[in-house]
Amino acid sequence: MRTIRVRGVTPGWALGALAFLAVAFVVGVVAGPVDIGVGDVLRSLGEKLGIPGVTSPLDATHESILWDLRVPRVLLAALVGGMLAVAGATYQGVFHNPLADPYLLGVAAGAGLGATLAIAYLPHALEGRQVLPFAAFAGAAVAVVLAYGIGRAAGRERDSATLVLAGVTVASFFTALQTFVQQQNTETLQEVTSWILGSLPNTGWSDVAVLAPYVLLATAVIVAMRRVVDVLSLGDLEAASLGVDVRRTRLALVVAATVGTAAAVAVCGLIAFVGIIVPHAIRLVVGTSYRGLLPLSFVVGAGFLILADVVARTALAPAEVPIGVITALFGAPFFAFVLRTRGGRA
């Protein structure tokens, strides 16, 4: 088997990405209608860590705002943004398509249908948010299983193309079902629309605890296989000639990316374009090697969505703009740019 040498993450780019995430984290924590300075945050953290002589200057209310609302919301944004970005980069490599996004195999349509069914027929269960994430996750999982089953049945020798077409088919069918349910339950239209536009819930640490295992496990699997993604991006025949089991490798990567995406969508709704903006922005400055692209996508995607959430909750304060609207405002022009410059190769 031939050896392919590709560049990984250089120390400079790694430090730059981590610095971007750190700045975004600080901005996310201190930004808001209640003024909490960086020094106050550091002293409060020092007190919680038990550093001798350090006491928090914040009262109980400000401590609760900081540690029960802002910090978990920033961490949730980081997990969702990182997952969507690394999933987008993975799909782009696996399917040899620079315009692929995390919702390619019907994840968005399945999650949307699951959430719509829960909102329409289980309204009392939504009061504590127990059912909605589960319903959205189940819908996304069903959609992807159907897409993969149809893709396998349609043709084994062209998995990449058939999977994409199967995803489009399933997404169209699930979207039609969702539209029908909404038409029969018009009183739930506002709630469904609000969920579809995407938002980060202010539920404290519970959503972080639910989402973190899925995101961290999925990202670990993808990053561990980053060298294989480099080979897959060359094409199925070339990858097979280099000794890669294309079918099993693609399945493992698609499952990891999809499970993480479905979990993120279940908690926060549909947040578009993160999987397009971040990987392509990194390609423009770092290069196309997935050894560097995948880990950097997670770090930069986390910082990007934290900053997008800051804009969402401060632009029209005290009102909050759906974060999906903010990412779409940035993403649509960027998508058009990518389509213009690379669409021919897609």
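As shown above, the structure is provided for reference.
This structure is a prediction, so every number in the text was calculated from the model and none was measured.

Asks: Sorry if this is basic, but what is going on with the overall build of the chain here?
Replies: Along its length, the chain carries 14 helices and zero strands. Listing each helix as α and each strand as β along the chain from the N terminus yields α-α-α-α-α-α-α-α-α-α-α-α-α-α. In terms of C-alpha radius of gyration, the chain reaches 21 Å, essentially the compact-globule figure of 20 Å for 346 residues. Dimensions of the chain along its principal axes, counting C-alpha atoms only, are 65 × 55 × 35 Å. Taken across its 346 residues, the chain has 49% of its residues classed as buried. A separation of at least 24 residues holds for 76% of the contacts in the chain among residues at least 6 apart in sequence. Working note: accessible area of the chain is about 15900 Å², and carbon and sulfur atoms make up 67% of it. Charge separation in the chain, taken as the distance between the mean sites of 22 positive and 19 negative side-chain charges, equals 15 Å.

Asks: I tried to follow unusual backbone geometry on my own but got confused; where do I start?
Replies: Keep in mind that most residues, glycine aside, have a negative phi and that most peptide bonds are trans. If you check the backbone angles, H96 has positive phi at about 55° while not being a glycine. Within the secondary structure, H96 is located in the loop between α3 (60-94) and α4 (107-121). Residue classification places H96 among the partly exposed residues on the basis of a relative accessible area of 28%.

Asks: Before we go on, may I ask you to explain the nonpolar core in this structure?
Replies: The tendency in soluble globular proteins is for nonpolar side chains to be buried as a group. By size, the foremost hydrophobic cluster in this structure holds 101 residues, and its most contacted members are L105, L211 and I271. With residues near it in sequence (within four places) discarded, L211 still touches L76, L79, V80, A263, A264 and V267.

Asks: Would you mind going over α3 with me for this structure?
Replies: The periodicity of an α-helix, 3.6 residues per turn, causes residues three or four places apart in sequence to face the same way. If you check α3, its first and last C-alpha atoms are 50 Å apart, about what 35 residues at 1.5 Å a residue would give, namely 51 Å. Largest kink in α3: about 30°, centred on R70, with the proline P72 one to four residues after it. Within α3, 28 of the 35 residues are buried, leaving the element largely enclosed by the surrounding structure. Phi turns positive, to about 55°, at H96, one or two residues after α3.

Asks: When you look at the environment of R247 in this model, what are you seeing that I'm missing?
Replies: Within the fold, R247 resides in helix α11 (residues 246-268). In the structure, R247 is positioned 103 residues away from V144 in sequence and 16 Å away in space, judged by C-alpha atoms.

Asks: Help me understand the pattern of salt bridges, please; the structure alone is not making it clear to me.
Replies: It is possible for side chains bearing opposite charge to pair when their charged atoms get close. Throughout the structure, instances matching the rule amount to five salt bridges. For R43, the salt bridge is made with D40, and the minimal N-O distance between the two is 3.1 Å. Residue R43 and its partner D40 are both found in helix α2 (residues 38-48); the two are separated by three residues, about one turn of the helix. Salt-bridge contacts for R73 lead to E320; the nearest nitrogen and oxygen are separated by 2.7 Å. You can see R73 sitting in helix α3 and its partner E320 sitting in the loop between α13 (290-314) and α14 (323-342), a full 247 residues away along the chain. Judged by its relative accessible area of 5%, R73 falls in the buried class.

Asks: Just checking my understanding: could you explain a nonpolar patch on the surface for this structure?
Replies: Residues V26, V38, L42, L45, L49 and I51 make up a contiguous nonpolar surface patch of about 520 Å² in total accessible area. No other element matches α2, which puts three residues into the nonpolar patch. Within the element layout of this structure, V38 appears in helix α2.

Asks: Could you clarify how one ought to interpret the packing of aromatic side chains in this entry?
Replies: When we look at a pair of aromatic rings, we describe it by the centre distance and by the angle of the planes. The final tally for this structure, using the stated rule, is three aromatic pairs. Taking 5.6 Å as the distance between ring centres and 20° as the angle between the ring planes, the aromatic pair formed by Y91 and F95 counts as stacked. For the pair formed by Y91 and F95, the shared burial category is buried.

Asks: How do you make sense of the packing of helix α5 (residues 131-154) against α11 when you look at a structure like this?
Replies: For any two helices packed against each other, the geometry comes down to the angle between their axes and how far apart the axes lie. Orientation of α5 relative to α11, taken along the N-to-C sense of each, is 155°, at an axis distance of 8 Å. On the basis of the axis angle, α5 is roughly antiparallel to α11. Crossing of α5 against α11: the hand is right-handed. Contact residues: α5 offers P133, A136, F137, A140, V144, Y148 and R152, while α11 offers R247, L251, T258, V259, A262, A263 and A266. Classifying every residue of the contact of α5 with α11 gives 11 nonpolar, one polar and two charged.

Asks: Would you take a moment to explain empty space enclosed by the protein for this structure?
Replies: It is the rolling of a water-molecule-sized probe over the atoms that shows where space remains empty. The tally for this structure, following the rule as stated, stands at one cavity of 30 Å³ or more. What lines the largest cavity is D68, L69, P72, R73, L76, P201, N202, T203, G204, D207 and V208. Among the secondary structure elements, those contributing two or more residues to the lining of the largest cavity are α3 and α8 (206-224). Ranked by residue count, the leading element in the lining of the largest cavity is α3, at five residues. Among the residues forming the lining of the largest cavity, the class breakdown is five nonpolar, three polar and three charged.

Conventions we followed
- Residues numbered from 1 in each chain as written.
- Predicted model: local features only at pLDDT ≥ 70, side-chain atom pairs only at ≥ 80, totals over all residues.
- Heavy atoms only, no water.
- Helix = DSSP H or I, 4+ residues; strand = E, 2+ residues; numbered from the N terminus.
- Rg over C-alpha atoms; globule rule 2.2 N^0.38 Å.
- Buried < 20%, exposed > 50% of the residue type's maximum accessible area, 1.4 Å probe, protein only.
- Contact = heavy atoms within 4.5 Å.
- Areas by Shrake-Rupley, 256 points an atom, 1.4 Å probe, with all protein chains shown as cover.
- Lys, Arg positive; Asp, Glu negative; His and termini not counted.
- Charge placed at Lys NZ, Arg CZ, Asp CG, Glu CD.
- Core = buried A, V, L, I, M, F, W, Y, C linked by side-chain atoms within 4.5 Å.
- Expected span 1.5 Å × (residues − 1).
- Bend = angle between axes of the 7 residues up to and from the residue.
- Salt bridge = Lys/Arg side-chain N within 4 Å of Asp/Glu carboxyl O.
- Patch = residues over 30% accessible without salt bridge, like charges linked within 9 Å, V, L, I, M, F, W, Y side chains within 5 Å.
- Phe/Tyr/Trp six-rings, centres within 6.5 Å; stacked < 30°, edge-to-face > 60°.
- Axes fitted to C-alpha atoms, helices over the stretch in contact; angles between N-to-C directions.
- Parallel < 35°, antiparallel > 145°, perpendicular 65-115°, else oblique.
- Left-handed = near helix turned anticlockwise from the far one by under 90°.
- Nonpolar A, V, L, I, M, F, W, Y, C, P; charged D, E, K, R; others polar.
- 1 Å grid on protein atoms, 1.4 Å probe; cavity = no way out; pocket = protein on both sides within 12 Å on 5 of 7 lines; lining within 4 Å.
- Points joined across faces, edges and corners; volume = space filled by probe spheres on them.

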